[in-house]
Every structure is written in structure tokens, then in C-alpha cells.
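For reference, the chains in residue letters:
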Amino acid sequence: MAESAEAAAKNGGGGDSGVGTCERGVAPIKAQYRTTKERFHGYLDPDKQEDVWQETPIGDPGGSDPAEPQAKRSRLEDGQENGKTEVAVEAPERQVPKRARGQNKSRPHVKPAHYDKERLCPSLLQESATPCAFGDRCRFLHDVGRYLETKPADLGPSCVLFDTFGRCPYGVTCRFAGAHLGLEGQNLVREEVVARCAHLPPVRNSLDRALQQQLRKRQVCFERAERALRHLTQGPVPTVVPETTVATVTPEHNSCHAQLDPVGGAGTPNGSPVATCGPLTDEDVIRLRPCEKKRLDIGGKLYLAPLTTCGNLPFRRICKRFGADVTCGEMAVCTNLLQGQMSEWALLKRHPCEDIFGVQLEGAFPDTMTRCAELLNRTIDVDFVDINVGCPIDLVYKKGGGCALMNRSAKFQQIVRGVNEVLDVPLTVKMRTGVQERVSLAHRLLPELRDWGVALVTLHGRSREQRYTRLADWPYIEQCAKVASPMPLFGNGDILSFEDANCAMKTGVAGVMIARGALLKPWLFTEIKEQRHWDISSSERLDILRDFTHYGLEHWGSDTQGVERTRRFLLEWLSFLCRYVPVGLLERLPQRINERPPYYLGRDHLETLMASQQAADWVRISEMLLGPVPPGFVFLPKHKANAYK
């Protein structure tokens, strides 16, 4: 290890490399590891040292900031907008444009299905005795030999699904099929492993097909939601009586709550195809009072924030392994859930290792939010439901959701009261300090939220205008914790070390929520619980990424679509992981979350590769774990950590 560090220092590190002293906002890395941009890329790829990336942002002559891809720059010249350049009458002095930040809306987005055009019919994969229902009209292949001729080579000698569960449901379409195909192409099964895994609890909160059809046809009756909405508006709410008045839910989805008819009785209405399940109990007809709800006792626990895109189920499993106590699914849009969109319902799935788990809903109107809450209350298994009042993106804000609810107090109150009335589990709220930077609203809303029946509030110490710029306002969070008492308040913002967590707990909050800190180093939960800095090696970090790919293949599948979906989410995560600076390279501890790493050479080649800010290097890391990328593969990250108004 020491020899690698010395070699790295000779190859561009050290004080004579032309790198100046530590600047403000830059991580304080030891002088022997710091280097320049040209030497950094030359060390990673000596063959292309002459063709080093020419993507230093304009206006940053020192090159201390990470380079940004061409697609993330906007308005390179005055008058250029939406790809069209207007001819100016006068030729004013050219101004230096701002760096493009925030969500990269113009990035090339290729769906995983694009790489698997010749797909085998699912009827052949499921080994069904009945032929394909579509017959000659089926758009998938039915010739296994033809499919194998066009199928790419296997990506590895072992299949994660076959090794873990004893059987791979993807058969010949698996990208690791050589591990479980017999001499005649049959799919092998390990009976002893299958028998052992049969007793393991499955992943919960999947969408039932019958319920999906009813949602799409609007045949689900939301009796409790309609009653709650009538109570809130103090007037009759016009309702449309559907053909089917109750939701068909499988027994594993607690269908007893879904078998009540519109008039409040029990049993099956005449002519209804839905059957009741068991005798009528008090639980079917008597609602819990707010004081009788199960309390959410998570004070002092480590709470993993709901993270859009990166907070998927495989990532949450990684964080649970490192000590996260409470997890929450990604933000789910209530209208998409009510439409039965499978991709939105996938955000609600819960792994057995998630012992305290909640889901986060986003919506702008009381009717859709209340109906969605009632639907989730009787179909999925969660410990709490969270309302998103902190999302800053324009797509949500301009529709009245997210942060916009803080300025719509009447609608906000109706949403909270309506959702809380139809839920049998605690209701929580995640919010920001306010919309405008200098106008804080949270301290005014917290007492009202307490009166409305909210069990817990999480406060992110930034406004919508700030996004992720500047530091979180922890003195204001301390003030809000006193105002919210006795309702517990969790604080969120800028926690990247156990010292940061200790300082946060001194403000009087009930606990801390960790968001970007978990993306930069998911072992942060272990550091906080053990009160130490973990100088984790590059090989250990690669093992974490390998576990993530294994969890991803279990969750998304081991066929071409599953592999490329796993690769995409891995690359999105790597766009955050590259900002982590190893403990052994820092001049002072700890690293601050707003400190960007300069160009440096790590203690070995892998550590240097993981520090690269280039998407091409992230793709190289993914190829170590998931094999080569398909032809024509393109990736640009979805998010930037800081953004502008």
C-alpha cells in the first residue's frame, strides 16, 4: 500500500505538481496525493494522455472543479435558447456563462428494453403447459434456437439467482445462463436450496394484477376517503358509483379491510363477483381513534431519507447492513399509484430486512392524496406513511405539490387531516424551512401539524431556493424543535460524519435523517454507531458495489433488461460516490459535505479510478461487476448535487 502511494506521488502528486494550497470549499487532501487534471487522467489512462478530456467549465481556469459533460452546459452564448441561436443586432462583449446545474433534462435516456430487441415469449420462460394466448399475433419470439443465435455472450460463470434461490426464473434469457442450463438446454433446479428458501419471507407490497385492472378501470370504491373528504369540506361530495364497489385484494394483502360494501355492511353484495374472507370482526367496522394508533417510536434512531432514483431497494439493503434503523421508499406520486402504474408501485416494495419501513407520497390535492392513502392502508404493509412537502423540482412545485404546499396552508391542512383519518398507521411529514431563502415558514406550520395529528416531522434545513447550496441552518432546526415539542422533530442536512451527527443531536432533535451522506458513504451509519472514522479501502468499497449488483440482479432480474437496469442505478450511485475522499488522504478530519474533492491520486489504481468525475470511468467500474456495456451505450447522470433556482 505504501509503495502504491509513493508511486502515485511520483506520477503527479506532491507539492511540486503545480497544485496550490487548499482552497475554500475544497476538501483538504494531503499534498503528496494532490495532482493536476492532466496527470490524473494520464495516470488512469496513459494511452489517451494526449486526448485528456477538454471539459473544464468555462470560468474555472484553475480546473479545481470537476469537469462537466458537454450535455450539462446550457446557453453557451447570449441569445441561445432551446437549441436555436438568434442573430443579435449588436455584438456585445461576450460574458462568461454560468455552469449548468440541477437535473440534466437533456441527457440521452435509453431504456433497458432498447438493448433487448429480440425477446423470448414469457410463455416459454414460464414453462407453461398452455400455449401463448396471442398466437401468431405475439410480438415476441417463439423460436428458442433463433433467440440463442442473437443472444449476447454470458457475462459471467455464476448466476446470483441460481446460487441464492436454487432456480433462475429467467432460464435461457439469463445473462449468466451457462451456470444453470443443462446439456439439452433445460433449466436446472437445486431442490435443496429451493426448499430452504421456501421458508424465507418474500419481498412485500407488490401490486396485485386484479387490483391493477380495477384501478385502471376506476372500479375501486374509496368509502373512507369520501367520508373523510365530506367531513373536511362540510358538504356532500359527488361520488360516482362504480360497477364493482369493492377492491379485489389477494389474501396476502389483508383483504379483510377491502370487503366492506358502500352502505357499511359486511358480506358480498348481490351479483358481486368478490367473495368475503372469514367472519366479520370488530376490526372490519370499527376505526381506530387517533390515540389508539400504533405510535412511531424511533427517537434516537438513524433514519435513511427517501432518495429519488438512488434510494431503491438494493441500496436500502446496503444501508441496512451498515446500521440504518429506519428506511423509507422513494417518493411515489399519488396519481400514478391510483392509475395502477407498475413502475410507481415498485417504489413501495419492502425487503424483509427493513424492520421499520415507510413510504412517501407526493400530491397536491386532498382528494387524490386521501384516496391513495386509503388504498395503501388496505393493500400494503408499512409502519408509517410520509407526506412529501420538501421536493423542490419544478415538475412537482408548479403543480402545487412538494414545497408549494407550505404556501397553500388550506390545501395542506385538508391533505394532512384527510390522509390521517383514513390511515391506521402513523402519519409523518418531511418539509424544508420554506420556499424563499429569507422567509422561513416551518416554525409557523409545526404547531399546526401537531394539532392536525402528525406523529413526526422531518425538517431539512434549507429552503427551496437554496436547493443544496450553502450549509443547512441547524440553529433554525433547533428553534423549530422547541416549537414542535412534544411532537418529535428529526433534523436533516449536511451530516457526513459522526461528529456532524453528534452536533446535530445537541440541538434537541429527536433524531437525524441522513440523505446525501449515505450516498457518499453508506458506511456512515456504522461510523455514527461506533463513533469512529472508517478508513475503508478501495477493495472493500468494490465489494460493497458488488453486493449492490447482486441485490440489483435479485430485484430487477438477470436478463438483459435487469442487468442494464442494475447498471443504470449503479452508475447513478457512482455519480455521488466519486465525491468521497478516503480518510487516510485527508489533512484534517472530517470531510465536510460541501467540500468538493480536488484532483488527487489514491493509494492504488482502483482508489484513483473511484475518485474520477468522468462518466466514462464510472462505466469502467460497472464493467468490472456487470460485464461489458451493450453497443451504443451512453450514460450521463440524472442529478447534480447542487442546483440553482
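In this section: a nonpolar patch on the surface. Taken together, Leu124, Val144 and Leu148 make up a surface patch of nonpolar side chains, about 210 Å² in accessible area. The class for Leu124 is partly exposed, based on a relative accessible area of 35%.

A word on the sheet that holds strand β8 (residues 456–460). The 8 strands are arranged β3-β10-β9-β8-β7-β6-β5-β4 in an open sheet whose pairing can be described as parallel. A single partner strand is all that each edge strand has here, and the edge strands are β3 (302–304) and β4 (327–333). Across the sheet, the mean angle separating the axes of adjacent strands is 25° when strand polarity is ignored. Pairing geometry for strand β5 (residues 357–362) and strand β6 (residues 384–389), over 4 bridges, is parallel. For Leu361, the partnering residue across the bridge sits in β6 and is Ile387. The sheet contacts of helix α17 (residues 474–484) involve β8 and β9 (489–492), and relative to β9 the element is tilted by about 170°.

With that settled, consider unusual backbone geometry. Cis geometry marks the peptide bond from Ser485 to Pro486, where omega comes out at 10°. Tracing the chain through its elements places Pro486 in the loop between α17 and β9. With omega at -5°, the peptide bond leading from Leu589 into Pro590 counts as cis. Tracing the chain through its elements places Pro590 in the loop between α22 (560–577) and α23 (605–610).

Most of helix α2 (residues 37–44) sits inside the fold, with 6 of its 8 residues counted as buried. Listed in full, the buried residues belonging to α2 are Lys37, Phe40, His41, Gly42, Tyr43 and Leu44. Tucked inside the fold, the buried residues of α2 contact α23 and α24 (615–626).

What follows deals with the nonpolar core. Counting residues in each nonpolar core, the largest one holds 139 residues, and the members touching the most others are Met431, Leu449 and Leu545. Contacts of Leu545, omitting those with residues within four sequence positions, involve Leu570, Trp573, Leu574, Leu577, Met610, Ile621 and Leu625. Among the nonpolar cores identified, the runner-up in size contains 8 residues, and Tyr33, Val581, Tyr600 and Ala611 belong to it.

Attention now goes to the packing of helix α10 (residues 313–321) against helix α21 (residues 538–556). A pair of packed helices can be characterised by two numbers: the angle between their axes and the separation between those axes. It is at 8 Å that the axes of α10 and α21 come closest, and there the two elements cross at 135°. In terms of orientation, α10 and α21 fall into the oblique class. The hand of the α10/α21 crossing is right-handed. Within the contact between the two elements, α10 uses Leu313, Pro314, Phe315, Arg317, Ile318 and Arg321 and α21 uses Ile544, Asp547, Phe548, Tyr551, Gly552, Glu554, His555 and Trp556. Looking at the contact of α10 with α21, its residues break down into 8 nonpolar, 2 polar and 4 charged.

Let's shift gears to α21. For α21, which comprises 19 residues, the first-to-last C-alpha distance of 26 Å matches the rise-based estimate of 27 Å (1.5 Å per residue) to within 8%. Where α21 is buried, its residues meet α5 (160–165), α10, α22, α23 and α24. Positive phi appears at Gly557, one or two residues downstream of α21, with a value of about 110°.

Turning our eyes to something else, we now look at the pairing of β6. By the criterion of burial, β6 is predominantly enclosed, with 6 of the 6 residues buried. Burial along β6 is two-sided: the residues Phe384, Asp386 and Asn388 and Val385, Ile387 and Val389 are all buried. Crossover handedness for the path β5 to helix α13 (residues 366–379) to β6: right-handed. The pairing of β6 with strand β7 (residues 427–432) spans 5 bridges and is parallel. From the neighbouring strand, Asp386 faces β7, where its bridge partner is Thr428.

For the protein chain, mean pLDDT is 81; residues scoring 70 or higher make up 75% of the total. Overall, residues 8–20 carries pLDDT values under 50, and its contacts beyond four positions in sequence, including any with other chains, amount to 32 contacts. Note on residues 641–645: pLDDT under 50 across the span, and 17 contacts to partners over four residues away in sequence or across chains.

To continue, consider the packing of aromatic side chains. Evaluated as defined, the whole model comprises 9 aromatic pairs. An angle of 80° between the planes, with centres 5.2 Å apart, marks the rings of Phe315 and Trp573 as edge-to-face. Here Phe315, found in helix α10, pairs with Trp573, found in helix α22; they are 258 residues apart in sequence, far enough to count as distant. Pair check on accessibility: Phe315 and Trp573 agree, each one buried. Taken together, the ring pairs in this structure connect Tyr303, Phe384 and Phe490 into an aromatic cluster. Sitting above the plane of the Phe365 ring, Arg408 keeps its charged end 5.6 Å from the centroid. Positioned above the aromatic ring of Trp534 is the side chain of Arg532, whose terminal nitrogen or guanidinium carbon lies 5.2 Å from the ring centre.

With that settled, consider the pattern of salt bridges. Summed over the entire model, instances satisfying the criterion amount to 29 salt bridges. Notably, a salt bridge pairs Arg321 with Asp547, separated by 2.5 Å at the nearest N-O pair. One end of the pair, Arg321, is in helix α10; the other, Asp547, is in helix α21, with 226 residues separating them in the sequence. For Asp547, a relative accessible area of 22% corresponds to the partly exposed category. Note that Asp325 and Lys529 form a salt bridge whose closest N and O atoms lie 2.8 Å from each other. Remark: Lys529 occurs in helix α20 (residues 524–530) and Asp325 occurs in the loop between α10 and β4; sequence separation between them is 204 residues. Among the residues examined, Lys529 registers a relative accessible area of 47% and is labelled partly exposed. A network of salt bridges, in which partner residues are shared, links Arg204, Arg350, Asp381 and Asp383.

Attention shifts here to the side chain of Gln466. Structurally, the position occupied by Gln466 is in the loop between β8 and α17. A residue is classified by how much of its surface remains accessible, and Gln466, at 9% relative accessible area, is buried. When residues no more than four places from it in sequence are discounted, the contact partners of Gln466 are Glu437 and Leu471.

Helix α16 (residues 442–452) packs onto helix α15 (residues 409–422) with a crossing angle of 30° between their chain directions and a minimal axis gap of 10 Å. When the axes of α15 and α16 are compared, the pair comes out roughly parallel. For α15 against α16, the interelement crossing comes out right-handed. From α15, Ser409, Phe412, Gln413, Val416, Arg417 and Asn420 reach across to α16, where they touch Leu445, Leu449, Asp451 and Trp452. Counted by class, the contact of α15 with α16 contains 5 nonpolar, 3 polar and 2 charged residues.

To continue, consider the pairing of β8. Where burial is concerned, most of β8 is hidden: 5 out of the 5 residues are buried. Pairing of β7 with β8, which is carried by 5 bridges, proceeds in the parallel orientation. The partner of Arg432 across the bridge, within β8, is His460. For the crossover that starts at β7, traverses α16 and ends in the parallel β8, the hand is right-handed. As a crossover connection, the stretch from β8 through α17 into β9 is right-handed.

The rules we used
- Residues numbered from 1 in each chain as written.
- Predicted model: local features only at pLDDT ≥ 70, side-chain atom pairs only at ≥ 80, totals over all residues.
- Heavy atoms only, no water.
- Patch = residues over 30% accessible without salt bridge, like charges linked within 9 Å, V, L, I, M, F, W, Y side chains within 5 Å.
- Areas by Shrake-Rupley, 256 points an atom, 1.4 Å probe, with all protein chains shown as cover.
- Salt bridge = Lys/Arg side-chain N within 4 Å of Asp/Glu carboxyl O.
- Buried < 20%, exposed > 50% of the residue type's maximum accessible area, 1.4 Å probe, protein only.
- Pairing = 2+ DSSP bridges.
- Helix = DSSP H or I, 4+ residues; strand = E, 2+ residues; numbered from the N terminus.
- Axes fitted to C-alpha atoms, helices over the stretch in contact; angles between N-to-C directions.
- Contact = heavy atoms within 4.5 Å.
- Core = buried A, V, L, I, M, F, W, Y, C linked by side-chain atoms within 4.5 Å.
- Parallel < 35°, antiparallel > 145°, perpendicular 65-115°, else oblique.
- Left-handed = near helix turned anticlockwise from the far one by under 90°.
- Nonpolar A, V, L, I, M, F, W, Y, C, P; charged D, E, K, R; others polar.
- Expected span 1.5 Å × (residues − 1).
- Right-handed = clockwise from strand over helix to strand, strands pointing away.
- pLDDT = per-residue confidence, 0-100.
- Phe/Tyr/Trp six-rings, centres within 6.5 Å; stacked < 30°, edge-to-face > 60°.
- Lys NZ or Arg CZ within 6 Å of the ring centre and 35° of its normal.

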